[in-house]
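Secondary and tertiary structure notes
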Amino acid sequence: MRKYLDYMAIGIKEHLAYPSSIWATFLSKVIYLYMQFCLWNALFMSQAKNTMPIARDGVIRYVIIATIISSFIECDAIQWINEQIQSGNIAIQLIRPINFGAMVLSKHIGKSAIKFLTCCIPLTVASAFFFRMPLVCKSQIFFGLASLCLAYAIQFLYSLTIGLMAFWLIVTWPLNMLFGAIYKLLSGSWIPCAMFPDFLKKINSFLPFRAMYEIPVTIMTNPMETKILLSKLMVQVFWLAILFILMKMAWKTGTKKLVVQGG
């Protein structure tokens, strides 16, 4: 256990090494929120508001909570694994007497903790002060936090599984860009999934992406019956199990195919 705590500390130190990056991340989130607010306000002031499936305040709450969550939930495992393989350092990582996935997770948790303190909390305070509306359903906060924990785990397993593909491909940044764009769109990080056309909603229901943002955000912002809340949590549990199995398969076969570069 101590060694994983040490890796968490490494993740914290790595993120704190560049204070300017912390400020830049926070300011970029503020600017993004302001742009989203202006965009949705303009849409609801136009004739398009008559066809919107969600009310204006609901959309604003969704965008705020999704942006706050994105400030600490995002995982850089894909990029890190790619860098380790290209530099040859992956050989050192694999021979260490420690579980590789748990090591990556520990560093990710350390970075997320700092992001939560330096970006998520200030962003929440600023949003509450500026927008002056209830951001979450207090009666569902327990379900929302449970869903957020599941979303965090799903996001990590998804990133780790894609990252392990570098064991075959060596260079994964094109794949990362492709899957990153698909994930951002279909997860509901940019646009609420309720705004999707029917055919895209049907396709998305068979994919894990909405379990990362759309489900936890809607649980936090929209009042629901307990039965519906539990069904959404079960969807997340299902995709968590599927991604865990896929990650194990990628790890088992990938370590046999790995060719170390550099070093």
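Residues numbered from 1 in each chain as written. Predicted model: local features only at pLDDT ≥ 70, side-chain atom pairs only at ≥ 80, totals over all residues. Heavy atoms only, no water.

What follows concerns the overall build of the protein. Tallying secondary structure elements over the protein gives 12 helices and zero strands in all. Secondary structure elements in the protein, listed N-terminal to C-terminal, are α-α-α-α-α-α-α-α-α-α-α-α. Principal-axis analysis of the C-alpha atoms gives the protein an extent of 60 × 40 × 35 Å. For the protein, with 263 residues in total, the buried portion stands at 45%. For the protein, the proportion of contacts with a sequence separation of at least 24, taken over those separated by at least 6, is 80%. For the protein, the distance from the average site of its 23 positive side-chain charges to the average site of its 9 negative ones is 3 Å. (Helix = DSSP H or I, 4+ residues; strand = E, 2+ residues; numbered from the N terminus. Buried < 20%, exposed > 50% of the residue type's maximum accessible area, 1.4 Å probe, protein only. Contact = heavy atoms within 4.5 Å. Lys, Arg positive; Asp, Glu negative; His and termini not counted. Charge placed at Lys NZ, Arg CZ, Asp CG, Glu CD.)

Formed by 70 residues in total, the largest nonpolar core has its most connected members in Ile69, Ile81, Phe100 and Leu164. Ranked by residues supplied to this core, first place goes to helix α7 (residues 141–164) with 12 residues. Residue contacts for Phe100: discarding those within four places in its chain leaves Trp80, Ile81, Ile90, Gln93, Leu94, Leu164 and Trp251. (Core = buried A, V, L, I, M, F, W, Y, C linked by side-chain atoms within 4.5 Å.)

Take Gln236: it is sitting in helix α12 (residues 226–257). You can call Gln236 buried: its relative accessible area is 0%. With sequence-adjacent residues up to four places away left out, Gln236 is seen in contact with Ser147, Leu150, Ala151, Ile154, Ala211, Ile215 and Pro216.

So, about a nonpolar patch on the surface. A cluster of nonpolar residues, Phe116, Leu117, Ile121 and Val125, forms a patch on the protein surface that exposes about 360 Å² of accessible area. Note on placement: Leu117 falls in helix α6 (residues 100–131). On the basis of relative accessible area, Leu117 is assigned to the exposed category, the value being 53%. (Patch = residues over 30% accessible without salt bridge, like charges linked within 9 Å, V, L, I, M, F, W, Y side chains within 5 Å. Areas by Shrake-Rupley, 256 points an atom, 1.4 Å probe, with all protein chains shown as cover. Salt bridge = Lys/Arg side-chain N within 4 Å of Asp/Glu carboxyl O.)

Turning our attention to the pattern of salt bridges. Summed over the entire model, instances satisfying the criterion amount to two salt bridges. Here Glu74 makes a salt bridge to Lys184, at a shortest N to O gap of 3.0 Å. With a gap of 110 residues between them, Glu74 in the loop between α3 (56–73) and α4 (77–87) and Lys184 in helix α9 (residues 173–186) connect regions that are remote in the sequence. For Lys111, the salt bridge goes to Asp76, with nearest N and O atoms at 3.0 Å. Taken as a pair, Lys111 in helix α6 and Asp76 in the loop between α3 and α4 lie far apart in primary sequence, 35 residues in all. With relative accessibility at 33%, the residue Asp76 sits in the partly exposed group.

Below, the discussion takes up the confidence of the model for the protein. With 91% of its residues at a pLDDT of 70 or more, the protein has an overall mean of 83. Predicted confidence in the protein is weakest over helix α8 (residues 166–169), with a mean pLDDT of 71, and strongest over helix α11 (residues 214–221), with 91. (pLDDT = per-residue confidence, 0-100.)

Tallied over the entire structure, the rule returns nine aromatic pairs. Note on Phe142 and Phe143: the rings are 5.9 Å apart at their centroids and 75° apart in plane angle, and the pair reads as edge-to-face. For Phe142, a relative accessible area of 62% corresponds to the exposed category. Within the aromatic cluster, the residues linked to one another by ring pairs are Tyr158, Tyr183, Phe209 and Tyr213. (Phe/Tyr/Trp six-rings, centres within 6.5 Å; stacked < 30°, edge-to-face > 60°.)

Here we come to the environment of Thr124. On the secondary structure map, Thr124 appears in helix α6. Assessed through its relative accessible area of 30%, Thr124 is described here as partly exposed. It is 36 Å that separates the C-alpha atoms of Thr124 and Ile98, two residues lying 26 residues apart in sequence.

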